[in-house]
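Single-letter residue listing:
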Amino acid sequence: MTYEGWILLTACLVGISCGMVGCFLIVRRMAMLADAISHSVLLGIVLAFLIANSLNGIYMLIGATIIGFVTTFAIQSLHHAGVQEDASIGIVFTTFFSIGVILISLFAKDVHLDVEHALMGEIAFIPWDTQILFGFEIPKATAMLLGISVFALLIILLFYKEWKLTSFDAALALTLGLPVTLIHYLLMGLVSITAVGSFDAVGAILVVSMLVVPGACAYLLTDRLSAMLLYSCIFGILSAVIGYYGALWLDASISGSMSTAGGILFLLTWMFSPRYGLLRRFFITA
Amino acid sequence: MLQEMWHALLHQPNTQWVVLSTMLLGIASGVLGSFALLKKQSLIGDAVAHAALPGICTAYLFIGEKQLLVLLIGAAAAGLLATYLIQLITMTTRIKKDTAICMVLSVFFGMGIVLLTRITRQAQGNKSGLDNFVFGQAAAMTRTDVYTMGGAAGILILIAFLLFKEWKLLIFDPGFAKNSGLSVGLLETLFSTLLVMTVVIGIQAVGVILMAALLIIPSISARYWTDRLGSMVIIAGGIGACSGIAGVLISTVSTGLATGPLIVVTAALCFIVSFTFGRKHGLVQKLTAHRVRTEHLKEEGI
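Quantities reported herein were computed from a predicted structural model and do not represent experimental measurements.

## Examining a nonpolar patch on the surface
Residue and element names in this part refer to chain A.
So, point 1. Taken together, the side chains of Ile264, Leu268, Phe272, Leu279, Phe282 and Phe283 define a hydrophobic patch exposed on the protein surface, amounting to about 650 Å² of accessible area.
So, point 2. Of all the elements in the fold, those that place two or more residues in the nonpolar patch are α12 (254–272) and α13 (278–285).
So, point 3. Within the element layout of this structure, Phe272 appears in helix α12.
So, point 4. Residue class for Phe272 comes out exposed when judged on its relative accessible area of 53%.

In structure tokens form, the structure reads like this:
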């Protein structure tokens with residue numbers, strides 16, 4: 001495959017995995033947790049690097065997932081201890097993120113883990129760092145994202161009913177004996193894994209937009225969860241592809257451009273959605 | 001290290017100015033943050049701060065040089081646009097507020113990054129230090145920057161002081177506020193504008209990513225010491241000021257550490273102390289109160 005092909009494929013995989021996971025965050029009203037986790041994932045990556053002394057994807061995945069759980073747990077504990085929910089999110093992720101940044105500038109300055117890379121990702125470097133998988137030479141980040149997307153899809157397919165029920169009627173799910181807390185943490189784990197998988201491509205912060213924006217577009221187009229998941233993936237892929245070519249055209253950051261493309265797509269959906277769009281509202285009331 | 005900090009504070013006029021203005025910034029964000037916290041609007045600050053980045057970059061592209069006042073105006077415009085968009089999205093669609101905040105925050109930040117990379121890639125040597133806005137670098141501020149920031153923070157504190165009673169009423173009894181003839185809409189707008197202004201002036205020191213922390217952490221820490229709004233505002237201002245001073249001093253004597261993360265970590269330490277030892281709702285206080293109660297019950301033989 002060509003250099004450009006790998007980049008596009010990786011970007012699309014980011015769109016797909018984030019798109020799927022993001023839908024659940026939106027219907028569960030947990031979008032801000034995505035913001036929190038994707039910031040604190042940075043600390044997990046740095047700690048994994050400092051402990052294992054390598055930039056191997058597996059260590060990062062483990063570090064980020066652990067920190068993802070710690071973040072969720074810390075936010076919930078603070079909330080239970082009487083701190084307002086938005087404030088507990090705000091305290092935890094800013095602190096973790098700050099510690100991450102300080103650690104990077106203290107200990108990891110000279111490796112490719114510089115702060116700018118961590119923030120914005122550098123998808124253009126992905127095709128150079130390859131490994132052999134099933135006889136094919138495939139970029140490491142792409143392989144990791146492929147694995148993550150398949151994993152997320154499998155989990156969602158396996159537990160689709162349970163996820164749906166816990167998302168829309170947590171009380172009923174609880175009385176039916178479903179492990180609501182387990183599912184909550186499973187989702188948080190998925191968010192962390194997706195965030196770290198997308199880390200090389202779009203950076204720790206802009207992964208938020210890939211998580212939330214495609215799902216929000218899909219949310220305006222349909223009332224069915226299954227359709228929402230599908231549309232969200234499509235919007236994710238569209239933002240990735242439009243963003244990539246937009247960045248080439250503007251000679252600017254690819255991840256920023258992907259996020260901007262998502263914003264434009266949302267603006268269009270917001271205007272023209274057949275059911276919930278502004279135009280329709282305007283004509284019905286007028 | 002302490003000695004070095006002391007030296008910097010005593011003998012470097014520039015450091016003194018930076019410390020003074022960061023202190024004022026800390027007070028302003030503690031005060032405004034307290035109101036935002038009680039209005040449950042803490043995370044709006046996060047969105048505003050991220051959203052300010054494209055504003056700063058656009059302003060820079062227009063004037064072609066780094067002139068703090070103009071950049072701040074750009075930041076404020078973008079920040080206000082972001083708050084307006086969040087309201088508009090939640091009002092006209094079924095998207096909930098948290099999703100709207102998250103979306104606006106990340107898309108604006110993405111646009112900011114696009115503009116920032118364009119600026120730095122076409123820059124002619126003069127890299128303009130715009131990337132300092134991402135994490136904040138108080139030490140890199142010029143004398144005029146310091147005056148601008150300190151002055152603006154001072155004005156914000158003054159306005160908050162003058163409007164204290166009205167805002168207090170607005171937070172705790174909006175219905176009564178309306179009936180007693182206050183123009184609630186105007187006060188609300190004024191509050192959002194001041195909140196945006198606080199975020200904007202803080203960006204230079206703390207950076208767009210972490211500015212929200214300076215609004216949230218001091219005010220939530222203050223809640224553990226008092227139930228009165230007046231004292232809360234003062235304590236939050238104090239914690240904000242201390243974090244600001246500590247962050248700047250540590251970043252002055254260390255090499256290459258950005259100010260923003262240091263300020264946030266200091267504030268987080270203040271939070272942990274308040275959470276544990278706070279006189280009103282702290283952990284230790286709660287536990288002792290509980291023990292006293294159980295002993296009391298035992299004595300009475302219940």
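## Looking at the pattern of salt bridges
Pairing between side chains of opposite charge can happen when the charged atoms of each approach one another.
So, point 1. Enumeration according to the criterion identifies four salt bridges over all chains in this entry.
So, point 2. The partner of A:Asp223 in a salt bridge is A:Arg275, and the shortest N-O contact between them spans 3.0 Å. With A:Asp223 in the loop between α10 (199–219) and α11 (225–250) and A:Arg275 in the loop between α12 and α13, the pair connects residues that are 52 residues apart, well separated along the chain.
So, point 3. Overall, the relative accessible area of 46% leaves A:Asp223 in the partly exposed class.
So, point 4. Here A:Arg275 falls in the partly exposed class, since its relative accessible area comes to 45%.
So, point 5. Linking A:Asp223 and B:Arg94 is a salt bridge whose minimum nitrogen-to-oxygen distance equals 2.9 Å. Of this pair, A:Asp223 sits in the loop between α10 and α11 while B:Arg94 sits in the loop between α4 (68–92) and α5 (97–122), on two different chains.

## A few points about the interface of chain B and chain A
By convention, interface size is frequently given as the accessible area that disappears when the constituent parts associate.
So, point 1. Between chain B and chain A, the residue contacts involve 52 residues of the former and 54 residues of the latter.
So, point 2. Between chain B and chain A, roughly 4600 Å² of surface is buried when both sides are summed, and carbon and sulfur atoms account for 73% of that area.
So, point 3. The interface formed by chain B and chain A includes one salt bridge.
So, point 4. Counting residues per element, the ones that place at least two in the side of chain B that touches chain A are α3 (42–63), α4, α5, α6 (132–135), α11 (211–222) and α13 (259–277) of chain B.
So, point 5. Ranked by residue count, the leading element in the side of chain B that touches chain A is α5(B), at 16 residues.
So, point 6. A class-by-class count of the residues in the side of chain B that touches chain A yields 33 nonpolar, eleven polar and eight charged.

## Regarding helix α7 (residues 160–168) of chain A
Residue and element names in this part refer to chain A.
So, point 1. Considered for burial, the residues of α7 that qualify are Trp163, Thr166 and Ser167. The arc that holds every buried residue of α7, seen down its axis, measures 100°, which confines them to one face. Of the exposed residues in α7, those oriented more than 90 degrees away from the buried face are Lys161 and Phe168.
So, point 2. Taken together, the buried residues of α7 touch α1 (3–27), α6 (140–158), α8 (170–175) and α9 (180–197).

## Focus: the environment of A:Gly100
Residue and element names in this part refer to chain A.
So, point 1. For Gly100, the location among the structural elements is in helix α4 (residues 85–107).
So, point 2. For Gly100, a relative accessible area of 0% corresponds to the buried category.
So, point 3. Put simply, Gly100 and Val191 are 91 residues apart on the chain and 18 Å apart in space, counted from C-alpha to C-alpha.
So, point 4. Non-local contacts of Gly100, meaning those with residues more than four positions away in its chain, are made with Leu42, Leu43 and Val46.

## Some details on the environment of A:Ile102
So, point 1. By secondary structure assignment, the location of A:Ile102 is in helix α4.
So, point 2. Note on A:Ile102: relative accessible area 13%, which makes it buried.
So, point 3. It is 9.6 Å that separates the C-alpha atoms of A:Ile102 and A:Leu43, two residues lying 59 residues apart in sequence.
So, point 4. The contacts of A:Ile102, once residues within four sequence positions are left out, are B:Leu257, B:Pro261, B:Leu262 and B:Val265.

Basis of the calculations
Residues numbered from 1 in each chain as written. Chains lettered and ligands numbered in written order. Predicted model: local features only at pLDDT ≥ 70, side-chain atom pairs only at ≥ 80, totals over all residues. Heavy atoms only, no water. Patch = residues over 30% accessible without salt bridge, like charges linked within 9 Å, V, L, I, M, F, W, Y side chains within 5 Å. Areas by Shrake-Rupley, 256 points an atom, 1.4 Å probe, with all protein chains shown as cover. Salt bridge = Lys/Arg side-chain N within 4 Å of Asp/Glu carboxyl O. Helix = DSSP H or I, 4+ residues; strand = E, 2+ residues; numbered from the N terminus. Buried < 20%, exposed > 50% of the residue type's maximum accessible area, 1.4 Å probe, protein only. Contact = heavy atoms within 4.5 Å. Buried area = accessible area lost by both parts, 1.4 Å probe. Nonpolar A, V, L, I, M, F, W, Y, C, P; charged D, E, K, R; others polar. Arc of directions from axis to C-beta.

Nothing here speaks to function; it is geometry throughout.
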